[in-house]
Amino acid sequence: MAPMEKSDSYQYARDILQQTYGYSEFRPSQQAIIETAIDGEDCLVLMPTGGGKSLCYQIPALVREGMGLVVSPLIALMQDQVSALQQLGIHAGFWNSTLTREARAHLSRSIHNGQLQLLYIAPESLMQPHTLEWLKQCSLSLIAIDEAHCVSQWGHDFRQDYLLLHRLQEHFPSVPRMALTATANEQTQSDIINGLQLHKPKQFIQSFDRPNIRYWVENKTDAKKQLRRFLSNHQDSSGIVYCLSRKRVEAIASWLCGQGFNALPYHAGLDTGERANNQALFLREEKVIMVATVAFGMGIDKPDVRFVCHLDLPKSMEAYYQETGRAGRDGKAADAWMCYGLQDVVQLSQMIDNSQGDEQFKRHEKQKLDALLGWCEITQCRRQALLHYFNEDYPDQCNNCDTCLSPPETWDATVSAQKLLSCVYRTGQRFGITHVIDVLQGKSTDKVKQFRHEQLSTFGIGEDTAVQQWRSVTRQLMVNGFIYSNNQHYGAITLTEKARPLLRGDIQLQLRKETAKTSLTKKPKKQHRVSDGDRHLWDALRGCRQRLAQQQGVPPYVIFHDATLMEMMEYKPTDRQQLLTLNGIGENKMERYGQDFIEVIAEYI
Ligand code: ADP
Ligand code: ZN
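Residues numbered from 1 in each chain as written. Chains lettered and ligands numbered in written order. Predicted model: local features only at pLDDT ≥ 70, side-chain atom pairs only at ≥ 80, totals over all residues. Heavy atoms only, no water.

Trainee: Would you mind going over the overall build of the chain in detail, with residue names and values included?
Mentor: Assigned secondary structure in the chain consists of 27 helices and 17 strands. In terms of overall dimensions, the chain is globule-like: its C-alpha atoms have a radius of gyration of 27 Å, near the 25 Å expected for 605 residues. Principal axes of the C-alpha set define a box for the chain whose edges measure 90 × 60 × 45 Å. Across the 605 residues in the chain, those meeting the buried criterion constitute 53%. A fraction of 73% describes how many contacts in the chain between residues 6 or more apart in sequence connect residues 24 or more apart. Of the roughly 27,400 Å² of accessible surface on the chain, a fraction of 47% belongs to carbon and sulfur atoms. For the chain, the separation between the mean place of its 67 positive charges and that of its 69 negative charges on side chains is 6 Å. (Helix = DSSP H or I, 4+ residues; strand = E, 2+ residues; numbered from the N terminus. Rg over C-alpha atoms; globule rule 2.2 N^0.38 Å. Buried < 20%, exposed > 50% of the residue type's maximum accessible area, 1.4 Å probe, protein only. Contact = heavy atoms within 4.5 Å. Areas by Shrake-Rupley, 256 points an atom, 1.4 Å probe, with all protein chains shown as cover. Lys, Arg positive; Asp, Glu negative; His and termini not counted. Charge placed at Lys NZ, Arg CZ, Asp CG, Glu CD.)

Structure representation (structure tokens):
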């Protein structure tokens, strides 16, 4: 391609968007990023999951002369990323340690012929001297460094190989580089710029809001029953259920299977083959629920994950944001649902106490946990508070979280809290919560008799209040720092300094009323509902997509996203021209699949 005027290149970028990808418009931030890269400047792109990062480097790589290089740590997912590009008619390939000799030879030929447009490569392969020498002989249009936060040694995804990437600057001084990540904080941003030695990078930092995700948090009473109730509204969808331990992952997965769901386990204790297999099933099949520890998820770019559930508390706000962020990449309504209870609070703080690491580390981890717990108990808009934690202002109520949709009621809990605190005090701050509540309720258990706790003034003073209510008060007192579970003393509930003024009656205490939230009344925003009449067409379209996907061994969303099938239902196109106007149908996919879908639609007109 001959060098072009700037304005021609920008227009060419737009043509690729429309003709190759089948999208009508750039998202606002995409256009600026793409034009910067076309101009040959380095940039740093921070965009939330689902924001559309891939187009930001793919399109300039196609517009500029030479082959685009995409550095990615996600070897297991490269095949799918490349398949998705090939579906669009883009010549893409990947280079990593899993390739056979033949595949390597084949790939090098097409690179040397100048046929390959995009090459995905793992950092450890890229930085080998012979690879670098060999790439220097090619003309490169752009180097994109995906998951760029992996260069940060303080982050949770640090990769040693990423540290070498700063040398790309010496090896390819005239090739623009683009670093991309969905990890928000400022420390990470400067780590990326320094670690990769980007040259005067333009920074594009987007809002981290995920408006289509609805956040809701429930008090845990019977986790399985609550999950069951939640899932009854998600029969037809794929989702992820996060649990803390491997044992629990196994138990919940098999229980869900028994309940008629298609659930699979995923944790670090499974062998590599089974893990890879379960991941592939999750990506390729529909309506699969992945029950997983946090080992699952990085780089999973399945666009139609409709829900992420937390049956146990995540470790921090950062972890929560990242894990829930895997829902709804396609921009359609998705749920982030969590249920947590007193036991979680106790368990997590025990885990921190028993972890390796010095006191400073533990204190830091505790602070992070406290921030999350505080967030769980807030009575204002959750989105506002979540974004605030990441230093972002969100001025209004979101109307798409549990606290907005059904504002929690509060009650004056001063007297109840005093009863509980004095019962903890009278029993000597030596017991776990179960015993304390037994004493409050006046139960003559063996332990009560053994310690003669029926003789205490607090014995039976909480008779009129249910156990669940006492647990709720305890949890909230714990989260608000009036008591803590002392892990040096087998988790005995212990008073803090803060308890004193409350006991004396110097302060009042308002607590949340617990309500079952599984029936939030308002529907989420932007929900696409399929009417019964269209149900058959919908199933037929999905069936057609599944068949085509299976023939080629790719995930169904690589053929078309749900959003594109929805548009087919809405507009019922009868010819190729009409089909081309739909979002997500470019020329190549039109050629390959247009006829199949037109025939399916014709049966329902
Ligand atoms: P990220 O890597 O930031 O998580 P992706 O690049 O996977 O996001 O894009 C998220 C989704 O948005 C994909 O399904 C993609 O096809 C879609 N998308 C991206 N840009 C556009 C656009 N300009 N118009 C319509 N859809 C888009
Ligand atoms: Zn809200």
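Additional details are given in the paragraphs that follow.
Trainee: Help me get a handle on the coordination of the zinc ion (ligand 2), residues and values and all.
Mentor: Only Cys 381 (SG), Cys 398 (SG), Cys 401 (SG) and Cys 404 (SG) from the protein reach the zinc ion (ligand 2) as donors, at distances of 2.3 to 2.4 Å. Metal-centred angles of 102 to 120° between the 4 donor atoms at the zinc ion (ligand 2) mark the site as tetrahedral. (Donors = N, O, S within 2.8 Å, 3.2 Å for Na, K, Ca; no water. Tetrahedral: all angles 85-135°; square planar, octahedral: opposite > 155°, others 65-115°.)

Trainee: Outline the site of ligand 1, supporting the account with residue identities and numerical values.
Mentor: Near ligand 1, the surroundings consist of 15 residues, among which Tyr 23, Gly 50, Ser 54, Arg 329 and His 561 are the closest. In the environment of ligand 1, an oxygen atom lies 3.2 Å from a nitrogen or oxygen atom belonging to the side chain of Arg 27. In this structure, Gly 50 approaches ligand 1 through a main-chain N or O atom, which is 2.6 Å from an oxygen atom. The fraction of the free accessible surface of ligand 1 (570 Å²) that becomes covered by protein chains is 84%. If one sorts the elements of the shell around ligand 1 by residue count, helix 3 (residues 53-63) sits on top with 3 residues. For the shell around ligand 1, a count of residues per class yields 4 nonpolar, 7 polar and 4 charged. (Near = heavy atom within 4 Å. Polar contact = N/O pair within 3.5 Å; in protein donor to acceptor, adjacent residues only side chain to side chain. Nonpolar A, V, L, I, M, F, W, Y, C, P; charged D, E, K, R; others polar.)

Trainee: An account of the pairing of strand 8 (residues 213-219) is needed here, citing residue identities and associated values.
Mentor: Of all 7 residues in strand 8, 7 are buried; the element is thus mostly enclosed. Of the two faces of strand 8, the one carrying Ile 213, Tyr 215, Val 217 and Asn 219 and the one carrying Arg 214, Trp 216 and Glu 218 are both buried. As paired elements, strand 8 and strand 13 (residues 334-340) share 7 bridges and run parallel to each other. The residue bridging Arg 214 from the neighbouring strand is Asp 335, located in strand 13. (Pairing = 2+ DSSP bridges.)

Trainee: How would you summarise helix 12 (residues 272-284) if you had to cite specific residues and measurements?
Mentor: Taking 1.5 Å per residue as the helical rise, helix 12 with its 13 residues ought to reach 18 Å, and the 18 Å between its terminal C-alpha atoms agrees with that figure. By the burial criterion, the buried members of helix 12 are Asn 278, Gln 279, Phe 282 and Leu 283. Angularly, the buried residues of helix 12 cover 135° about the axis, an arc narrow enough to put them on a single face. Buried residues in helix 12 make contact with helix 4 (75-87), strand 9 (238-242), strand 10 (263-266), strand 11 (289-292), strand 12 (305-310) and helix 24 (556-559). (Expected span 1.5 Å × (residues − 1). Arc of directions from axis to C-beta.)

Trainee: Explain the side chain of Glu 377 to me, and be specific about the residues and the numbers.
Mentor: As for its position among the elements, Glu 377 is in helix 15 (residues 359-377). The buried category is assigned to Glu 377, whose relative accessible area is 9%. Not counting chain neighbours up to four residues away, the residues in contact with Glu 377 comprise Tyr 340, Arg 475, Gln 476, Val 479 and Arg 512.

Trainee: Talk me through the packing of helix 2 (residues 28-38) against helix 3; I want residue IDs and the actual numbers.
Mentor: With their axes 9 Å apart at the nearest point, helix 2 and helix 3 run at an angle of 35° to one another. The chirality of how helix 2 crosses helix 3 is right-handed. Facing helix 2, whose interface residues are Gln 30, Ile 33, Ile 34, Ala 37 and Ile 38, helix 3 presents Leu 55, Cys 56, Ile 59, Pro 60 and Val 63. Per-class residue counts for the contact of helix 2 with helix 3 are 9 nonpolar, 1 polar and no charged. (Axes fitted to C-alpha atoms, helices over the stretch in contact; angles between N-to-C directions. Left-handed = near helix turned anticlockwise from the far one by under 90°.)

Trainee: Tell me about the packing of helix 15 against helix 16 (residues 382-389), and name the residues and values.
Mentor: At a minimum axis distance of 10 Å, the contact between helix 15 and helix 16 shows a crossing angle of 160°. Relative to helix 16, the element helix 15 is oriented roughly antiparallel. Judged by the sense of rotation from one axis to the other, the crossing of helix 15 with helix 16 is right-handed. Contacts between helix 15 and helix 16 pair Ala 371, Trp 375 and Cys 376 from the former with Arg 382, Ala 385, Leu 386 and Tyr 389 from the latter. (Parallel < 35°, antiparallel > 145°, perpendicular 65-115°, else oblique.)

Trainee: Pulling in residues and values, what's your account of the sheet that holds strand 11?
Mentor: If you walk across this open sheet you meet the 6 strands as 8-13-12-9-11-10, and the pairing is parallel. A strand with exactly one partner marks an edge of an open sheet, and here the two such strands are strand 8 and strand 10. Going across the sheet, the axis of each strand differs from the next one's by a mean of 15°, ignoring polarity. In this structure, strand 12 lies alongside strand 13, joined through 4 bridges in parallel fashion. Directly across from Phe 307, in strand 13, lies its bridge partner Asp 335. On the sheet, helix 12 packs against strand 9, strand 10, strand 11 and strand 12 and is oriented at approximately 140° with respect to strand 10.

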